[in-house]
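One letter stands for each residue in the lines below.
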Amino acid sequence: MQTYYYDTTNDDQPPSWLSQNRWMLVIGLIFAGVLVFQIPSVKRAIGGAGADGIDWQQSFPEASSMAHETGRPILIKFTADWCPPCQQMKQNAWPNEQVRQAVETRNVPLVADVDTTEGAQLAQQYGVQGIPTILVTDATGRVQRTGSYMDGDRLLTFLIGD
């Protein structure tokens, strides 16, 4: 007696593991896509140049140390993601090439997000009443100049301090 076997596999169908894990694959691809788009945000969160091209320090002790080493004043930008004037400056004033060069050559830039613990403490220490607030301090933290919302030209004049 002969036994016949029928080939029930269909080469036109995807492997069974693919059809069983299709949703995991889709979720993984979505996650990878979100991660790729978040890399600039991650870079800003851990330090490094932001979207405006400025290498903002993330903590006052780091900025103070750099200010002592370089002899440059500290530029503190008090900001928040929910603040429309802050976002306008982020998009229009800070990326200005002359502003960026003035920040890089004359100051140690420090960003203080008032929604973080350190940013809120720093804002309280300096008596910040509203944002955006921009301070220029010496290496010890003594305030030399204070500003608020500015367009690129006024910000450049503020940074140069003339």
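Residues numbered from 1 in each chain as written. Predicted model: local features only at pLDDT ≥ 70, side-chain atom pairs only at ≥ 80, totals over all residues. Heavy atoms only, no water.

A. Structural context of the nonpolar core. Ranked by internal contacts, the top residues of the largest apolar core, which has 20 residues, are I76, F78, L122, Y126 and I131. Once residues within four sequence positions are removed from consideration, I131 is found in contact with F78, T79, A80, W82, C83, C86 and V114. Of all hydrophobic cores here, the second largest spans 17 residues; its members include L75, V136, M150 and L155. (Core = buried A, V, L, I, M, F, W, Y, C linked by side-chain atoms within 4.5 Å. Buried < 20%, exposed > 50% of the residue type's maximum accessible area, 1.4 Å probe, protein only. Contact = heavy atoms within 4.5 Å.)

B. Molecular detail of the packing of helix 5 (residues 97-106) against helix 7 (residues 152-160). Contact pair helix 5 / helix 7: the axes reach a minimum separation of 9 Å and the direction vectors enclose 20 degrees. Judged by the inter-axis angle, helix 5 sits roughly parallel to helix 7. Read as a crossing pair, helix 5 and helix 7 show a hand that is left-handed. In this structure, helix 5 contributes Q98, V99, A102, V103 and R106 to the contact, and helix 7 contributes G152, L155, L156, L159 and I160. Each residue belonging to the contact of helix 5 with helix 7 can be placed in one class, and the counts come to seven nonpolar, two polar and one charged. (Axes fitted to C-alpha atoms, helices over the stretch in contact; angles between N-to-C directions. Helix = DSSP H or I, 4+ residues; strand = E, 2+ residues; numbered from the N terminus. Parallel < 35°, antiparallel > 145°, perpendicular 65-115°, else oblique. Left-handed = near helix turned anticlockwise from the far one by under 90°. Nonpolar A, V, L, I, M, F, W, Y, C, P; charged D, E, K, R; others polar.)

C. Fine view of the pairing of strand 2 (residues 108-113). The buried count for strand 2 comes to five of six residues, which makes it a mostly enclosed element. One ladder, built from six bridges, connects strand 1 (residues 74-79) with strand 2; its direction is parallel. For F78, the partnering residue across the bridge sits in strand 2 and is A112. (Pairing = 2+ DSSP bridges.)

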